[in-house]
Amino acid sequence: MDYVGSEGAGLEVGTDTAAPVMHVITNFAASGGAETMLARLLAATSEPAIVVPLIGVSERNLSLAGRPDVEYHPLNARGAVHMPGAIMKLTGLMREKRPRAVLCWMYHAMVVGTLSARLAGAPPVFWTVRQALDDPRSLTRSTRLAVAGARMLSSRAAGIVYNSARAREQHEQYGYAARFGKVIPNGVVVPEQADPTPRKARVFGIAARFHPQKDHLNFFRAAAQMAAQFPDARFVAAGFGLDDHNSEVLAMIEDAGLDPARLKLLGELRDMGDFYSQIDVLVLSSRTEGFPNVVAEAMSHARPVVTTNVGDAALVVADTGKVVSPGDPDALCDAMAEFARMPPDQLADLGKRARQRIVANYQVKHILGEYQEVLSQRGPA
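Keep in mind the model is a prediction, meaning the values are calculated, not measured.

**Structural notes on empty space enclosed by the protein**
Turning to step 1, where the next piece is worked out: Under the defined criterion, the tally for this structure stands at one cavity of 30 Å³ or more.
Turning to step 2, where the next piece is worked out: Estimates place the volume of the largest cavity at around 100 Å³.
Turning to step 3, where the next piece is worked out: Around the largest cavity, the lining is made up of 15 residues, and of these Thr197, Ala302, Arg303, Leu347 and Ala348 lie nearest the centre.
Turning to step 4, where the next piece is worked out: Grouping the constituent residues of the lining of the largest cavity by class yields eight nonpolar, two polar and five charged.

**Brief notes about unusual backbone geometry**
Turning to step 1, where the next piece is worked out: In this structure, Met106 takes a positive phi of about 80 degrees despite not being glycine.
Turning to step 2, where the next piece is worked out: Of note, Met106 is situated in the loop between strand S4 (101–105) and helix H4 (107–120).
Turning to step 3, where the next piece is worked out: In this structure, Ala302 takes a positive phi of about 65 degrees despite not being glycine.
Turning to step 4, where the next piece is worked out: Relative to the assigned elements, Ala302 resides in the loop between helix H10 (293–300) and strand S12 (305–308).

**Looking at the environment of Val129**
Turning to step 1, where the next piece is worked out: Mapped onto the secondary structure, Val129 falls in strand S5 (residues 125–129).
Turning to step 2, where the next piece is worked out: We classify Val129 as buried; its relative accessible area is 0%.
Turning to step 3, where the next piece is worked out: If we ignore the near neighbours within four places in the chain, the residues touching Val129 are Tyr107, Met110, Ile160, Val161, Tyr162, Asn163 and His171.

**Some thoughts on the pairing of S5**
Consecutive residues of a regular strand have side chains that alternate between opposite faces of the sheet.
Turning to step 1, where the next piece is worked out: Counted residue by residue, S5 has five buried out of five residues, so it is predominantly covered.
Turning to step 2, where the next piece is worked out: The two faces of S5 match: Val125, Trp127 and Val129 on one face and Phe126 and Thr128 on the other face are all buried.
Turning to step 3, where the next piece is worked out: Both S4 and S5 contribute to a ladder of four bridges, which runs parallel. Looking across to S5, one finds that Leu103 is bridged to Phe126.
Turning to step 4, where the next piece is worked out: Between S4 and its parallel partner S5, the chain crosses via H4, and the hand of that crossover is right-handed.

**Here's the deal with the sheet that holds strand S6 (residues 159–162)**
Turning to step 1, where the next piece is worked out: Within the open sheet, the seven strands sit side by side as S3-S2-S1-S4-S5-S6-S7. Their pairing is parallel. Unpaired on one side and paired on the other, strand S3 (71–72) and strand S7 (181–183) mark the two borders of the sheet.
Turning to step 2, where the next piece is worked out: When strand S1 (residues 21–25) meets S4, the two strands line up parallel, connected through five bridges. By the bridge assignment, Ile25 is partnered in S4 with Trp105.
Turning to step 3, where the next piece is worked out: Helix-sheet contacts for H4 involve S1, S4 and S5, and the interaxial angle to S5 is about 175 degrees.
Turning to step 4, where the next piece is worked out: Sheet strands in contact with helix H6 (residues 165–174) are S5, S6 and S7, and its direction is about 155 degrees off that of S7.

**Overview of helix H14 (residues 364–375)**
Turning to step 1, where the next piece is worked out: Under the 1.5 Å per step criterion, the end-to-end length of H14 is 17 Å for twelve residues, consistent within 8% with the ideal 16 Å.
Turning to step 2, where the next piece is worked out: The inward-facing, buried residues of H14 abut S1, helix H1 (33–43), S4, S5, S6 and S7.

**What about the sheet that holds strand S11 (residues 281–284)?**
Turning to step 1, where the next piece is worked out: Read from one edge to the other, the open sheet built from six strands follows the order S10-S9-S8-S11-S12-S13, with strand pairing classed as parallel. Two strands lie at the open edges of the sheet, namely strand S10 (263–267) and strand S13 (322–324), each paired on one side alone. The sheet shows a mean angle of 20 degrees between the axes of neighbouring strands, direction not considered.
Turning to step 2, where the next piece is worked out: Lying on the sheet, helix H7 (residues 216–229) is in contact with strand S8 (203–207), strand S9 (234–238), S10, S11 and S12; it crosses S9 at an angle near 165 degrees.
Turning to step 3, where the next piece is worked out: Across the sheet, H10 touches S8, S11 and S12, and the angle it forms with S11 is around 170 degrees.

**Quick notes on the confidence of the model for the chain**
Turning to step 1, where the next piece is worked out: With 94% of its residues at a pLDDT of at least 70, the chain reaches an overall mean of 91.
Turning to step 2, where the next piece is worked out: A low-confidence stretch, residues 1–15 stays under pLDDT 50, and its non-local contacts, those more than four residues away or across chains, total 61 contacts.

**Side note on the pattern of salt bridges**
Turning to step 1, where the next piece is worked out: Under the definition given, this model contains 17 salt bridges.
Turning to step 2, where the next piece is worked out: For Asp255, the salt bridge is made with Arg221, and the minimal N-O distance between the two is 3.4 Å. A residue pair is termed long-range when its members are at least 10 positions apart, and Asp255 in helix H8 (residues 247–256) and Arg221 in helix H7 qualify at 34 residues.
Turning to step 3, where the next piece is worked out: Residue class for Asp255 comes out exposed when judged on its relative accessible area of 52%.
Turning to step 4, where the next piece is worked out: Residue Arg221 is classed as partly exposed on the basis of its relative accessible area of 36%.
Turning to step 5, where the next piece is worked out: By sharing partners, the salt bridges in this structure join Glu71, Glu96 and Lys97 into a single network.

**Details of the pairing of S12**
Turning to step 1, where the next piece is worked out: The side-chain alternation of S12 yields two buried faces, one formed by Val305 and Thr307 and the other by Val306 and Thr308.
Turning to step 2, where the next piece is worked out: After leaving S11, the chain enters H10 and then returns to the sheet as S12, a path that is right-handed.
Turning to step 3, where the next piece is worked out: Across three bridges, the pairing between S12 and S13 is parallel. If you follow Thr308 over to S13, its bridge partner there is Val324.

How each quantity is defined
- Residues numbered from 1 in each chain as written.
- Predicted model: local features only at pLDDT ≥ 70, side-chain atom pairs only at ≥ 80, totals over all residues.
- Heavy atoms only, no water.
- 1 Å grid on protein atoms, 1.4 Å probe; cavity = no way out; pocket = protein on both sides within 12 Å on 5 of 7 lines; lining within 4 Å.
- Points joined across faces, edges and corners; volume = space filled by probe spheres on them.
- Nonpolar A, V, L, I, M, F, W, Y, C, P; charged D, E, K, R; others polar.
- Helix = DSSP H or I, 4+ residues; strand = E, 2+ residues; numbered from the N terminus.
- Buried < 20%, exposed > 50% of the residue type's maximum accessible area, 1.4 Å probe, protein only.
- Contact = heavy atoms within 4.5 Å.
- Pairing = 2+ DSSP bridges.
- Right-handed = clockwise from strand over helix to strand, strands pointing away.
- Axes fitted to C-alpha atoms, helices over the stretch in contact; angles between N-to-C directions.
- Expected span 1.5 Å × (residues − 1).
- pLDDT = per-residue confidence, 0-100.
- Salt bridge = Lys/Arg side-chain N within 4 Å of Asp/Glu carboxyl O.

Spelled out as structure tokens, the structure:
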């Protein structure tokens, strides 16, 4: 089913403002960083845009974008067997809609979008890479194949946007070659107010979909150690698959030795603001990331962060949080314990400085102009 509005909305490039930018994304029904960032960009502008997900569209992302005039054309390509058909459908859409630029989000979309644009004779195709290659083993086989396929097509891209400096360095070393590469970090919608009340750090939260690269077992093991040291410490986990009905999650919690009574599983949330208000410290336990949205979002709510050293997480946190090596629950626990022992006033001051850092460097309204600049570039001759 297509979701077609009356006018279109999106990013403006060049001088032909009547022609849309076409965004090709792997799945606009998911709730990850790429989908959230695209929705925020759409919400921040009023120029014509078309969104073509290889899979589907969710009400959550439609609501985040808040643009009934954007056209959505989901291709419902679920699996490799449907990809040839998706390429032909997308080729037809490009010929019909005549976009002034195509922006492909994530690896599968980069492959399909580039091949379709080649067939359609479409204008410049740009890629946006949302993932570093810290630990390729944590990626699915399908994603690893798409990473390799995109490398072979990368010279066809007019330019590549990376959401972290580490992602750019790693992909270029791997062989990604486009006319230019540019780092544009994710943008955050900063809440007007944040709770500055000094308090002890006793509630530690993680917000990430249940996926190997997020390494929830690392978090659960660190939480079990924390629970033994601090009888009043509690833990909260939000994200798709993090609920009491997921037997794999429950087995992981048991394997980690964490008392289920100390942990609240919230599942996927629509209101992340409520989640940040519940916690005192955010924890990111990932094996690999690009620019983790959740880190910047928590900081914008004046919440300090403990993060593994993945993607550009350490750059975002700087001196307002704690950074540890991936896959080390002992180190993760030690960093959490440092916050737990911190006087309330000192913790509150860290939270304020974290929020100030996001306001100064990572607001979505500042990021928008950088995307517009990229999309105004001419493609290769």
